[in-house]
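# Observations on chain architecture
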Amino acid sequence: QVQLVESGGGLVQAGGSLRLSCAASGDTICISTMGWYRQVPGKERLLVALMTSGGSTNYADSVKGRFTISRDNAKNTLYLHMNNLKPEDTAVYYCNAGCQGNSFHLEFWGQGTLVTVSS
């Protein structure tokens, strides 16, 4: 089992910055990928940024150049640094962890943290 706890959301003016954190605990050795997703009510949950265990990253086109995903392996913590925030970034942000094995694949989600960007 993997537990994920997000923090760092809040209200910010357009152009501002926030850093989201995701603390992972439990069977973290199984984790092969971690990422950030966001969701607006009535719409699907979309990938924002992804990081593999090897450190490769992938970003949604809408956040490239503004958001940075990083991790602190010693603390089992994933971060999302968000710069130059725009109103369209307003959403609930979720941390995700994927555990891959020879005969299993499990997905774990945090509870979400709300980011609101005002004009």
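Our structure's up above, just so we're on the same page.
### Some points on the pattern of salt bridges
Per the stated rule, a full pass over the model turns up three salt bridges. In this structure, arginine 38 engages aspartate 89 in a salt bridge whose closest nitrogen and oxygen atoms are separated by 2.9 Å. A residue pair is termed long-range when its members are at least 10 positions apart, and arginine 38 in strand β4 (residues 31–39) and aspartate 89 in the loop between β8 (77–82) and β9 (91–100) qualify at 51 residues. With respect to burial, arginine 38 and aspartate 89 carry one shared label: buried. In the salt-bridge network here, residues are joined through shared partners; they are Arg38, Arg66 and Asp89.

### Some words on the environment of aspartate 72
Mapped onto the elements of the fold, aspartate 72 is located in strand β7 (residues 67–72). Sequence-wise, aspartate 72 and alanine 23 are 49 residues apart; in three dimensions their C-alpha atoms are separated by 9.7 Å. Non-local contacts of aspartate 72, meaning those with residues more than four positions away in its chain, are made with Thr77 and Tyr79. A distance of 3.1 Å separates the side chain of aspartate 72 from the backbone nitrogen of alanine 74, its partner in a polar contact.

### Some points on the state of the cysteines
Scanning the entire structure with this criterion turns up two disulfides. Each sulfur of the disulfide joining cysteine 22 and cysteine 95 lies 2.1 Å from the other. Of note, the bridge from cysteine 22 to cysteine 95 carries an S-S torsion of about -80° and is left-handed in sense. Placement of the pair is cysteine 22 in strand β3 (residues 18–26) and cysteine 95 in strand β9, with a sequence separation of 73 residues.

### Some remarks on the layout of surface pockets
Considering only enclosed or pocket space, the largest pocket measures out at about 230 Å³ in volume. Lining the largest pocket are 16 residues, with Ile31, Met34, Arg71, Asn73 and Asn76 positioned closest to its centre. Of all the elements in the fold, those that place two or more residues in the lining of the largest pocket are β4, β5 (46–52), β7 and β8. A per-element tally of the lining of the largest pocket places β4 first, with four residues. Taken together, Arg38, Gln39, Val40, Lys43, Glu44, Leu46, Leu47, Val48, Ala60, Ser62, Glu88 and Ala91 make up the full set of residues lining the second largest pocket. Among the elements of the structure, β4 and β5 are those that each provide at least two residues to the lining of the second largest pocket. Top element by residues in the lining of the second largest pocket is β5. It accounts for three residues. A breakdown of the residues in the lining of the second largest pocket according to their chemical character gives six nonpolar, two polar and four charged.

### Points about unusual backbone geometry
At asparagine 76, a position not held by glycine, the phi torsion is positive, near 50°. Summarising the element assignment, asparagine 76 is placed in the loop between β7 and β8. Asparagine 76 sits in the partly exposed class, given a relative accessible area of 35%. A positive phi angle is found at asparagine 84, which is not glycine, with a value near 50°. For asparagine 84, a relative accessible area of 41% puts it in the partly exposed group.

Rules behind the numbers
- Residues numbered from 1 in each chain as written.
- Predicted model: local features only at pLDDT ≥ 70, side-chain atom pairs only at ≥ 80, totals over all residues.
- Heavy atoms only, no water.
- Salt bridge = Lys/Arg side-chain N within 4 Å of Asp/Glu carboxyl O.
- Helix = DSSP H or I, 4+ residues; strand = E, 2+ residues; numbered from the N terminus.
- Buried < 20%, exposed > 50% of the residue type's maximum accessible area, 1.4 Å probe, protein only.
- Contact = heavy atoms within 4.5 Å.
- Polar contact = N/O pair within 3.5 Å; in protein donor to acceptor, adjacent residues only side chain to side chain.
- Disulfide = S-S within 2.5 Å.
- 1 Å grid on protein atoms, 1.4 Å probe; cavity = no way out; pocket = protein on both sides within 12 Å on 5 of 7 lines; lining within 4 Å.
- Points joined across faces, edges and corners; volume = space filled by probe spheres on them.
- Nonpolar A, V, L, I, M, F, W, Y, C, P; charged D, E, K, R; others polar.

So yeah, pure geometry; function would need other evidence.
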